Amino acid sequence: MPADGKAQGPVAAAHWQPENGSVRCGLCPHCCLIARGQTGRCGVRRAREHGLVAEAYGRISSLALDPVEKKPLYHFKPGAAILSVGSYGCNLRCSFCQNWTISQQRNFGTEMAPDAVAREALAQEACGVAYTYNEPLINFEYVRDCAQAVRAAGLLNVLVTNGYISPEPCAELLPLVDAWNIDLKSIREDFYERMCGASLAPVQATIRMAAARSHVEITHLVVTGGNDDLGQIAELAAWVASVSPEIPLHLTRYYPQYQWEAPPTPPLLLEQAAELAKTKLTWVYLGNLGPRDDSVYCPQCGETLVDRRGYDTLSMAVKGNACPRCSRRIPGVF
């Protein structure tokens, strides 16, 4: 690593095969066939004469110290600060993207090597690093290398992702990731195809794989005129419950962005959606509604386990992943 902490990118990419003079990328389910000099749909993996390179390796568009609740993670290290790191690009094309100025842009940012990311997290007294803002999994090699450096420093790794990754690279990352927030955009295949340019099943597979190994929370952005039918939300909650009814679900308010101009999600609709989801799931939270009571309560005895207002955690009573009053098991990392 250079003395200034800059990354030495681009670097050789993983998970690809040569094919008829081009490169077949296997990182995500798109399986792009990339001609020499071109990139895949993500815009960051480029075919060159000797193979595929990770062109965005070490290129940082955003770096900030955030409350972990902002990811959002409500059952993971409540009250802790986490260093959030983002690059650019995405392998989805969501017409309603809430972060399109980063995810749909190409080739910008400063450089930062994995060891420098770990050192910065230590210097900021963060609990770890969250790979977020754009889609982190398209920068697989950088996330992998950063996660190894962060783990070696005794800190935690969090992925905030759309979950659109192939099983083999996902399995490679699983031992390095302590918590995931996965964006489940809809329970309908036609929504993924029409509004995201992707498929539902690979995201469901990632959720199952991650939930079997580490802590997972799910975000569902309720998009006006897109996926805001209450029947669909009930169906989504039922599917999440089939993986585990203990997975926290965040129902989040949409605002007009990018190519989707429908009005913001009505707060009443979010409240109704939450009540439906709670018939299947134990832990349901609302997001993007401004400061509110987002505390965690024991579903068995009602004890306040995490006293929280917005992103501010005021106190925590969980003891060894259990309610201090009735000993009911509480999922998460406390």
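Provided above is the structure to which this section pertains.
Since we're looking at a predicted model, the values are computed, not measured.

The rules we used
- Residues numbered from 1 in each chain as written.
- Predicted model: local features only at pLDDT ≥ 70, side-chain atom pairs only at ≥ 80, totals over all residues.
- Heavy atoms only, no water.
- Helix = DSSP H or I, 4+ residues; strand = E, 2+ residues; numbered from the N terminus.
- Rg over C-alpha atoms; globule rule 2.2 N^0.38 Å.
- Buried < 20%, exposed > 50% of the residue type's maximum accessible area, 1.4 Å probe, protein only.
- Contact = heavy atoms within 4.5 Å.
- Areas by Shrake-Rupley, 256 points an atom, 1.4 Å probe, with all protein chains shown as cover.
- Lys, Arg positive; Asp, Glu negative; His and termini not counted.
- Charge placed at Lys NZ, Arg CZ, Asp CG, Glu CD.
- Phe/Tyr/Trp six-rings, centres within 6.5 Å; stacked < 30°, edge-to-face > 60°.
- Lys NZ or Arg CZ within 6 Å of the ring centre and 35° of its normal.
- Salt bridge = Lys/Arg side-chain N within 4 Å of Asp/Glu carboxyl O.
- 1 Å grid on protein atoms, 1.4 Å probe; cavity = no way out; pocket = protein on both sides within 12 Å on 5 of 7 lines; lining within 4 Å.
- Points joined across faces, edges and corners; volume = space filled by probe spheres on them.
- Nonpolar A, V, L, I, M, F, W, Y, C, P; charged D, E, K, R; others polar.
- Axes fitted to C-alpha atoms, helices over the stretch in contact; angles between N-to-C directions.
- Left-handed = near helix turned anticlockwise from the far one by under 90°.
- Parallel < 35°, antiparallel > 145°, perpendicular 65-115°, else oblique.

Another point: the overall build of the chain. The secondary structure content of the chain amounts to eight helices and 19 strands. Relative to the globule expectation of 20 Å for 334 residues, the C-alpha radius of gyration of the chain, 20 Å, shows essentially globular dimensions. Once the C-alpha set of the chain is aligned to its principal axes, its extents read approximately 65 × 45 × 30 Å. Counting every position in the chain, which comprises 334 residues, the buried fraction comes to 56%. Taking the contacts inside the chain whose residues are at least 6 apart along the sequence as the reference set, 64% of them involve residues at least 24 apart. Summing over all exposed atoms, the chain offers an accessible surface of approximately 13,500 Å²; the carbon and sulfur share of this is 49%. Side-chain charges in the chain split into 31 positive and 33 negative, and the spacing between the mean points of these groups amounts to 1 Å.

Enumeration over the complete set of coordinates arrives at four aromatic pairs. Centroid distance Tyr-74 to Tyr-285: 4.9 Å. Interplanar angle 70°. Geometry classified as edge-to-face. Here Tyr-285 lies in strand E16 (residues 284–287) and Tyr-74 lies in the loop between strand E8 (62–67) and strand E9 (81–86), a separation of 211 residues in the sequence. What makes Tyr-74 buried here is its relative accessible area of 4%. The positively charged end of Arg-308 is found above the aromatic ring belonging to Tyr-74, 4.2 Å away from the centroid.

Take the pattern of salt bridges next. Here the structure, examined in full by the defined rule, presents 19 salt bridges. With a closest N to O distance of 2.9 Å, Asp-145 and Arg-144 form a salt bridge. Salt bridges here are not isolated pairs; linked through shared partners, they connect Arg-46, Arg-48 and Glu-55.

What follows deals with empty space enclosed by the protein. Summed over all chains, the structure comprises three cavities of 30 Å³ or more. The computed volume of the largest cavity comes to approximately 100 Å³. The wall of the largest cavity is formed by 13 residues, among which Cys-25, Cys-28, Cys-32, Cys-42 and Arg-45 lie closest to the centre. Considering only residue class, the lining of the largest cavity consists of eight nonpolar, three polar and two charged. In this structure, the second largest cavity occupies an estimated 70 Å³ of space. Around the second largest cavity, the lining residues are Val-85, Gly-86, Ser-87, Tyr-131, Thr-132, Asn-134, Pro-136, Asn-139, Tyr-142 and Val-143. Elements represented by at least two residues in the lining of the second largest cavity include exactly E9 and helix H3 (140–152). Tallied by class, the residues present in the lining of the second largest cavity amount to five nonpolar, five polar and no charged.

This part covers the packing of helix H7 (residues 230–243) against helix H8 (residues 267–277). Helix packing for two helices is described by the angle between their axes and how far apart those axes are. Viewed as axis vectors pointing N to C, H7 and H8 meet at an angle of 35°, and their least axial separation amounts to 9 Å. Read as a crossing pair, H7 and H8 show a hand that is right-handed. Each of Leu-230, Ile-233, Ala-234 and Ala-237 in H7 lies in contact with H8, whose residues at this interface are Leu-269, Gln-272, Ala-273, Leu-276 and Ala-277. Taken together, the residues that form the contact of H7 with H8 break down as eight nonpolar, one polar and no charged.

This brings us to the layout of surface pockets. Roughly 1,100 Å³ of volume is contained in the largest pocket. In this structure, the largest pocket is lined by 42 residues; those nearest its centre are Lys-71, Pro-72, Gln-98, Val-160 and Thr-219. Taken together, the elements giving at least two residues each to the lining of the largest pocket come down to strand E12 (156–161), strand E13 (179–183), strand E14 (215–222), strand E15 (249–253) and E16. For the lining of the largest pocket, a count of residues per class yields 17 nonpolar, 16 polar and nine charged. The computed volume of the second largest pocket comes to approximately 300 Å³. Along the wall of the second largest pocket there are 16 residues; nearest its centre are Lys-278, Val-284, Tyr-285, Ser-295 and Tyr-297. Of all elements in the fold, only H8, E16 and strand E17 (296–297) reach the threshold of two or more residues within the lining of the second largest pocket. For the lining of the second largest pocket, the class distribution of residues is eight nonpolar, two polar and six charged.

Interaxial distance between helix H2 (residues 114–123) and H3 falls to 8 Å at its minimum, and their mutual angle equals 45°. Taken together, the axes of H2 and H3 are oblique relative to one another. Crossing handedness for the pair H2 and H3: right-handed. Contacts from Pro-114, Asp-115, Val-117 and Ala-118 in H2 reach Tyr-142, Asp-145, Cys-146, Ala-149 and Val-150 in H3.

Note that all results are geometric; they support no functional claim without further evidence.
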